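The lines below spell out each chain.
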2 protein chains.
Amino acid sequence: MCSTALRGLSSVASGLVRRQSAWPLHLHVRNAITLRRDFCARANAAHALDDASSEKLGSASPWATDGWGDSVEIIEQTMPDAHRALLSNASVAIPTSSAEAGELPAVSDILGAYEAQLQRRTARHLGYPYNLDYQNRELDRFMRYSINNLGDPFVPSNYGVHSRQFEVAVVDFFARLWRADPNDYWGYVTTCGTEGNLYGMLLARETLPDGIVYTSSETHYSVFKAAHYYRQEVEVIPTLFNGQIDYDALATALRRNRGKPAILNVNIGTTVKGAVDDLDRILRTLSMTGYEREDYYVHCDGALFAMMMPFVEYAPELSFQRPIDSITVSGHKMLGCPMPCGIALTRRSHVRKIERRIDYLNSVDTTIMGSRNGHAALHMWHSLRTKGLEGIKAEVASCLKTAVYLRDSLSAEGITCQLNDLSSTVILERPADERFVKRWQLACEEDIAHVVVMPNVTTKKVDIFVAELVAMTKQHGRTAPRRENSPLTLLSSKAWGAHRAGHA
Amino acid sequence: MCSTALRGLSSVASGLVRRQSAWPLHLHVRNAITLRRDFCARANAAHALDDASSEKLGSASPWATDGWGDSVEIIEQTMPDAHRALLSNASVAIPTSSAEAGELPAVSDILGAYEAQLQRRTARHLGYPYNLDYQNRELDRFMRYSINNLGDPFVPSNYGVHSRQFEVAVVDFFARLWRADPNDYWGYVTTCGTEGNLYGMLLARETLPDGIVYTSSETHYSVFKAAHYYRQEVEVIPTLFNGQIDYDALATALRRNRGKPAILNVNIGTTVKGAVDDLDRILRTLSMTGYEREDYYVHCDGALFAMMMPFVEYAPELSFQRPIDSITVSGHKMLGCPMPCGIALTRRSHVRKIERRIDYLNSVDTTIMGSRNGHAALHMWHSLRTKGLEGIKAEVASCLKTAVYLRDSLSAEGITCQLNDLSSTVILERPADERFVKRWQLACEEDIAHVVVMPNVTTKKVDIFVAELVAMTKQHGRTAPRRENSPLTLLSSKAWGAHRAGHA
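For every chain, the first residue of its written sequence is number 1, and the numbers climb from 1 along that sequence. Naming scheme: in the order in which they are written, chains are lettered from A and ligands are numbered from 1. Given that the model is predicted, a residue must reach a pLDDT of at least 70 before its local features are reported, and side-chain atom pairs must reach 80 or more before they are shown or counted; all residues, however, enter totals for whole chains, interfaces and linings. Each side-chain value is worked out from all heavy atoms of the structure, with water and hydrogens disregarded.

If you check an unreviewed UniProt entry, chain A appears there as Histidine decarboxylase from Chrysochromulina tobinii. UniProt positions are given in the numbering used here, feature names are shortened, and annotations may be inferred rather than shown by experiment. In the Cofactor (unreviewed entry) part of its UniProt record, chain A is described as follows: "pyridoxal 5'-phosphate".

Student: When you look at the overall build of chain A in this model, what are you seeing that I'm missing?
Tutor: Starting at the N terminus, helices and strands are each numbered in turn, a helix being any DSSP run of H or I of at least four residues and a strand any DSSP run of E of at least two. Within chain A one finds 18 helices and 13 strands. Type-normalised accessible area, obtained with a 1.4 Å probe on protein chains alone, sets the label of each residue: buried when under 20%, exposed when over 50%, and partly exposed for intermediate values. Per-residue burial over chain A gives 65% buried out of 504 residues. For chain A, long-range pairs separated by at least 24 residues make up 73% of all intrachain contacts whose partners lie at least 6 apart in sequence. Carbon and sulfur atoms make up 51% of the accessible area of chain A, which totals about 17,600 Å². In this analysis, two residues are considered to be in contact whenever any of their non-hydrogen atoms come within 4.5 Å of each other. Surface accessibility follows the Shrake-Rupley procedure with a 1.4 Å probe radius. Residue values consider only the protein chains on display as shielding.

Student: I'm lost on the sheet that holds strand β12 (residues 443–445) of chain A in this one. Help?
Tutor: In any sheet, the strands associate via hydrogen bonds between backbone groups, in a parallel or an antiparallel arrangement. Residue and element names in this part refer to chain A. An order of β10-β11-β13-β12 is seen for the 4 strands of this open sheet, with the pairing classed as antiparallel. Both outer strands of the open sheet, β10 (417–419) and β12, are each paired with one neighbouring strand and no more. Strand after strand, the sheet turns through a mean of 25° between neighbouring axes, direction not considered. Paired strands are those between which DSSP finds at least two bridges. Bridging between β10 and strand β11 (residues 425–429) involves 3 bridges; their strand directions are antiparallel. Within β11, the residue paired with Leu-419 across the bridge is Val-426. An axis is simply a line fitted to the C-alpha atoms; with a helix, the fit covers only the stretch in contact. Between two such axes, the angle follows the N-to-C directions and lies from 0 to 180 degrees.

Student: Just checking my understanding: could you explain the pattern of salt bridges for this structure?
Tutor: A side chain with one charge can pair with a side chain of the opposite charge if their charged atoms come near. Salt bridges are counted wherever a side-chain nitrogen of Lys or Arg sits within 4 Å of a carboxyl oxygen of Asp or Glu. Across all of its chains, the model carries 44 salt bridges over all chains by this definition. Between Arg-144 of chain B and Asp-140 of chain A there is a salt bridge, and its shortest N-O distance comes to 2.8 Å. One end of the pair, Arg-144 of chain B, is in the loop between α8 (107–123) and α9 (164–177); the other, Asp-140 of chain A, is in the loop between α8 (107–123) and α9 (164–177), on a second chain. You can call Asp-140 of chain A buried: its relative accessible area is 12%. As a salt-bridge pair, Lys-387 of chain A and Glu-395 of chain A come within 3.2 Å of each other at their nearest N and O atoms. Residue class for Lys-387 of chain A comes out buried when judged on its relative accessible area of 7%. According to the relative accessible area criterion, Glu-395 of chain A is buried, its value standing at 1%.

Student: Would you mind going over the packing of α9 of chain A against helix α15 (residues 374–412) of chain A with me for this structure?
Tutor: Axes are the key here: two packed helices are described by the angle between their axes and the distance separating the axes. Residue and element names in this part refer to chain A. Packing of α9 against α15 leaves a shortest axis separation of 8 Å and a crossing angle of 50°. Relative to α15, the element α9 is oriented oblique. Where α9 crosses over α15, the handedness of that crossing is left-handed. Across from Phe-166, Glu-167, Ala-169, Val-170, Phe-173 and Phe-174 in α9, the residues of α15 making contact are Ala-377, Leu-378, Met-380, Trp-381, Leu-384 and Leu-389. Ten residue types, Ala, Val, Leu, Ile, Met, Phe, Trp, Tyr, Cys and Pro, are classed as nonpolar, four, Asp, Glu, Lys and Arg, as charged, and the remainder, Gly among them, as polar. Tallied by class, the residues present in the contact of α9 with α15 amount to 11 nonpolar, no polar and 1 charged. By definition in this entry, angles of less than 35 degrees are roughly parallel, angles greater than 145 are roughly antiparallel, angles of 65 to 115 are roughly perpendicular, and the rest are oblique. For any pair of crossing helices, the crossing counts as left-handed if the nearer helix is rotated counterclockwise from the farther one by less than a right angle, and right-handed if it is rotated clockwise.

Student: I'm lost on the relation of the copies chain A and chain B in this one. Help?
Tutor: A rotation about some axis, followed by a shift along it, carries one copy of the chain onto the other. To line up the copies, we fit them by least squares on C-alpha atoms, keeping just the residues with pLDDT of at least 70 in both. Overlaying chain A on chain B yields an RMSD of 0.0 Å, the required transformation being a rotation through 180° with an accompanying axial translation of 0.0 Å. Such values leave the two copies arranged in the relation of a two-fold axis. For chain A, the residue whose C-alpha comes nearest the rotation axis is Tyr-230 of chain A, separated from it by 2.5 Å.

Student: What am I meant to see in the UniProt feature "modified residue: N6-(pyridoxal phosphate)lysine" (unreviewed entry) in chain A here?
Tutor: All names here are of chain A. Summarizing the sequence annotation, UniProt attributes the feature "modified residue: N6-(pyridoxal phosphate)lysine" (unreviewed entry) to Lys-333 in the numbering used throughout. With respect to the secondary-structure elements, Lys-333 resides in the loop between β6 (326–330) and β7 (342–346). Ignoring sequence-local partners within four residues, the contact set of Lys-333 consists of Pro-129, Tyr-130, Asn-131, Ala-303, Leu-304 and Met-454.

Student: For this particular structure, what's the right way to read the interface of chain A and chain B?
Tutor: Buried accessible area, meaning the area lost when the parts come together, often serves as the stated size of an interface. Facing the 117 residues of chain A at the interface are 117 residues of chain B. By convention, the term buried area covers the 1.4 Å-probe accessible surface removed from two parts as they join, with the contributions of both added. Interface area for chain A against chain B, summed over the two sides, is near 10,200 Å², with a carbon-plus-sulfur share of 58%. The largest per-residue losses of area from chain A upon contact with chain B belong to Arg-144, Tyr-360 and Arg-385 of chain A, which jointly make up 9% of the total buried on that side. There are 8 salt bridges connecting chain A and chain B.

Student: Sorry, what's going on with the side chain of Ser-423 of chain B here?
Tutor: Residues and elements named next belong to chain B. Checked against the element boundaries, Ser-423 lands in the loop between β10 (417–419) and β11 (425–429). What qualifies as a polar contact is a pair of N or O atoms within 3.5 Å, subject to a donor-acceptor requirement within protein and to the restriction that residues adjacent in sequence count only when both atoms come from side chains. A polar side-chain atom of Ser-423 sits 3.0 Å from the main-chain amide nitrogen of Thr-425. In this structure Ser-423 touches Lys-273, Gly-274, Phe-305, Leu-400 and Ala-403, once residues within four positions along its chain are discounted.

Student: Is there a simple way to think about unusual backbone geometry in this case?
Tutor: Working note: non-glycine residues mostly have negative phi, and peptide bonds are mostly trans. Within the chain, Arg-231 of chain A stands out as a residue other than glycine whose phi angle is a positive 55°. In this fold, Arg-231 of chain A is placed in the loop between α11 (221–229) and β3 (233–237).

Student: Is there a simple way to explain the pairing of strand β2 (residues 212–216) of chain B in this structure?
Tutor: As a general feature of sheets, a regular strand has side chains that alternate between the two faces. All names here are of chain B. Within β2, 5 of the 5 residues are buried, which leaves it mostly tucked inside the rest of the structure. A two-sided burial pattern is seen for β2, the buried positions comprising Ile-212, Tyr-214 and Ser-216 on one face and Val-213 and Thr-215 on the other. In this sheet, strand β3 (residues 233–237) lies alongside β2 in parallel orientation, the contact comprising 5 bridges. Pairing of Ser-216 across the sheet is with Ile-237, part of β3. Following the chain from β2 across helix α11 (residues 221–229) to the adjacent parallel β3, one finds a crossover that is right-handed. For β2 and strand β4 (residues 262–267), the ladder comprises 3 bridges, and the chain directions are parallel. What sits directly across from Val-213, in β4, is Ile-263. Here the term right-handed applies to a crossover when the path leading from its first strand over the helix to its second strand runs clockwise, the strands being oriented away from the viewer.

Student: Just checking my understanding: could you explain the nonpolar core for this structure?
Tutor: One recurring pattern in soluble globular proteins is that nonpolar side chains are buried together. To define a nonpolar core, start from buried Ala, Val, Leu, Ile, Met, Phe, Trp, Tyr and Cys residues and group those joined through side-chain atoms within 4.5 Å. If you look at the biggest cluster of nonpolar residues, it comprises 248 residues, and the most contacted ones within it are Phe-174 and Trp-178 of chain A together with Phe-174 and Trp-178 of chain B. Those residues within four positions of Trp-178 of chain A in sequence are excluded, and the remaining contacts are Ala-306, Pro-310, Leu-318, Ser-319, Phe-320, Ile-327, Val-329, Ile-343 and Leu-345 of chain A.

Student: Where do I start with the side chain of Thr-289 of chain B in this structure?
Tutor: Residues and elements named next belong to chain B. By the secondary structure assignment, Thr-289 is in the loop between α13 (279–288) and β5 (296–301). In this structure the side chain of Thr-289 is engaged in a polar contact, spanning 2.7 Å, whose partner is the backbone oxygen of Thr-285. From its side chain, Thr-289 meets the backbone oxygen of Leu-286 in a polar contact 3.1 Å long. The contact partners of Thr-289, leaving out residues within four places of it in the chain, are Ala-251, Leu-254, Arg-255 and Arg-258.

Student: Just checking my understanding: could you explain α11 of chain B for this structure?
Tutor: An α-helix turns once every 3.6 residues. As a result, residues three or four positions apart point the same way. Residues and elements named next belong to chain B. With respect to burial, α11 is a largely interior element, 7 of its 9 residues being buried. Taken together, the buried positions of α11 are Tyr-221, Ser-222, Val-223, Lys-225, Ala-226, Ala-227 and Tyr-229. Just downstream of α11, Arg-231 is the residue with a positive phi angle, here 55°.

In structure tokens form, the structure reads like this:
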């Protein structure tokens, strides 16, 4: 297979030369072969891991590796001009005449250049909460099939090319993880975290049509989007320095609006700072401000961390044994998946409010999307089943430890940074050079940036990153706080404890 | 590769025997090998087509074939009990302890049984508008990457592992197909047809917040769902016998509500009957009832047929040169794609109404889902680029011809059926035996069923289907119309013309 791949790549190279002779062939081929070696090495990753594990911190699971390269070699590579040309809008255009078609490079050349670029970008990614490493090769063959989970996961439809049994297994797993009553849960595999939040907010509105949405200002934009779509009233609650909702401000708002039901969005890890809202304190606040169970709906946006928290020792419990109504989590984040996906879990009684019989499907419409990607369910299933609880637990532990390692490394270099409790998201001052931000694909907000430590982020890669950041800072200086109370100003707050560094 | 596959399959077989010795091994292995042969044959489908093409009607494109088997052999196969056991909820459950894990069959055994079942179900599918055959093998390797088109297709984000350039190429193609002004269109690759309709209806509401939604009673359920989500008022317009909107009833409703803006959903092929609403007549109706351009928004739900109509000779034109606002189409239907997907296309000014800058993405939020499946865009691109306009045109012609062949074959057997103009959806009396409906995965509504002729439906498969249907009818009888004006009653209407058959 690897030799085939190499052959494919050299044909790409020769194709390129045919088109762009100015570009030296030997360089391209060497580049291509290096990348391919890395690619082929990955195919045997499971066996090769032993060699690499000595460089890793903690007791990583067999998957807690960066198969995509933590070597300087791959991280240093930039896109050759010939690849840039192959991936330009002009090259990938879809022709509408044979004259147009004749001018375009071959599909296989474009795909070769594209794959090389994906490898480079995958190797040098730190900013988004995506686990970019997974062993899913045995699922490739299923790309021959149009797997579509039409309708409801629990109600068979007439369309037979589905992965409903795998979807149900995944839903059942999360129901147990979050301690749902075996007789009172329902859920499905979503397209992404946004769909999960759109779904939770929809059920909330159907449950409490006049409910006011309460959520913190650091909430993911999809929650605000949902409220706008559904024409719901929203109370935006300010946050504490670390990104958690301001509980006292929440209490004040709840008291002020006591005549109307409340829809609470609880962030189990905010997008930028990884701050976990204290669910129990929010439930106590509801109770103390006079809201009865039937007056509120609680949705937990667990985008990244709802998958991690159950595996952290001595962490607060995220559980349907508490008076909550829905939890959502992404599948492509902690677990890793080639396509975005997620899980929405709720109580059965809520789903009945939106359920509609669709004769045409011979099923019921209970999800947002009628046609649903069956591959996502299959990939999540495969990942959960092959890793097992122990594998995921080891990955979570490795992420949290590597995040501490990153924070400490940055602090030691005098760079302002913080790490929330229960989080693998290291927040730091925004690097002054935007090219550096793009190079490492950091996510930024105003004057801060963050690195989300996922299972594929090794300490070796952290070392390369920190060294580059220090070098860049020497050359370009540092970002000053942009305004009073800017995220960077808050990052230096003494409230974070002893690890406040830089700007000191 | 095929020998590897065979080895994989025999290990499945031996795994099964280990677990379920009552089941005769030799039968299983033979079964598995037959299926695998079919699978391997598919790998060389492009070369093998010549042999089969003599059995096909019309000038099919090289893809207009059923690689999934139109032989009685594969169609006859039913799921062996051992496979049923491997695919049960108990077998695919995700264990939460090592004791539980020890009780479960191996992942590779489950996947082997699953693939065999997908092959059987793919070979015996006629009811949903999905082209189940596509040559996408060279894209398998991209399943190693988390391809996510965060944010807007036209605005780069900080996340580098994307397929944005392919998405833009696909959007550009549809913009040309539907004659959008090069300076005034915007679009994206959606998750499915439902997302496209949710999107069109959202833009409509943002354009005309008090607009009333007008759509026919035979509209896809996602349009009604959108109106419910967005808290929009809806006027459900009755249909003509063939499934088109009742234009006079529409005019009456428009006149009655003249004080309020109008949001029109136009069906470019209804779900059940494939009826194409007459767009020009609807536009004339708007004009004649006194609606100015700024008083209405027109969304065209082109789920299946918006991809076919531009390739049909002498068909009405679906074009942004007319006063329309959005068109959506599915990617997994006519084109074929392993996962559901689609295209939403609109005018740029509409998108600006919902656009929101998201610092965190370094892009703008303009779509419904923030995280979007980059593989879908890549697959659509690959399909369009490798087939080309001529390839698609040949497929469309083949579908329309084969649909006529199916209708004529059914009529000749005295079975009530109809085929709308501009459609490859053959509507027929609901088969009396539900097992037959399930076996062929027919979509039903009340007392009718339909077959959607897609490029993978060959005349040979049609012959097998008709023969089975006739045999089944002899045994189980026929479905009588369930009520006055039921869909089956309307199917016998003289208004359809000469091809009215059965119940005569």
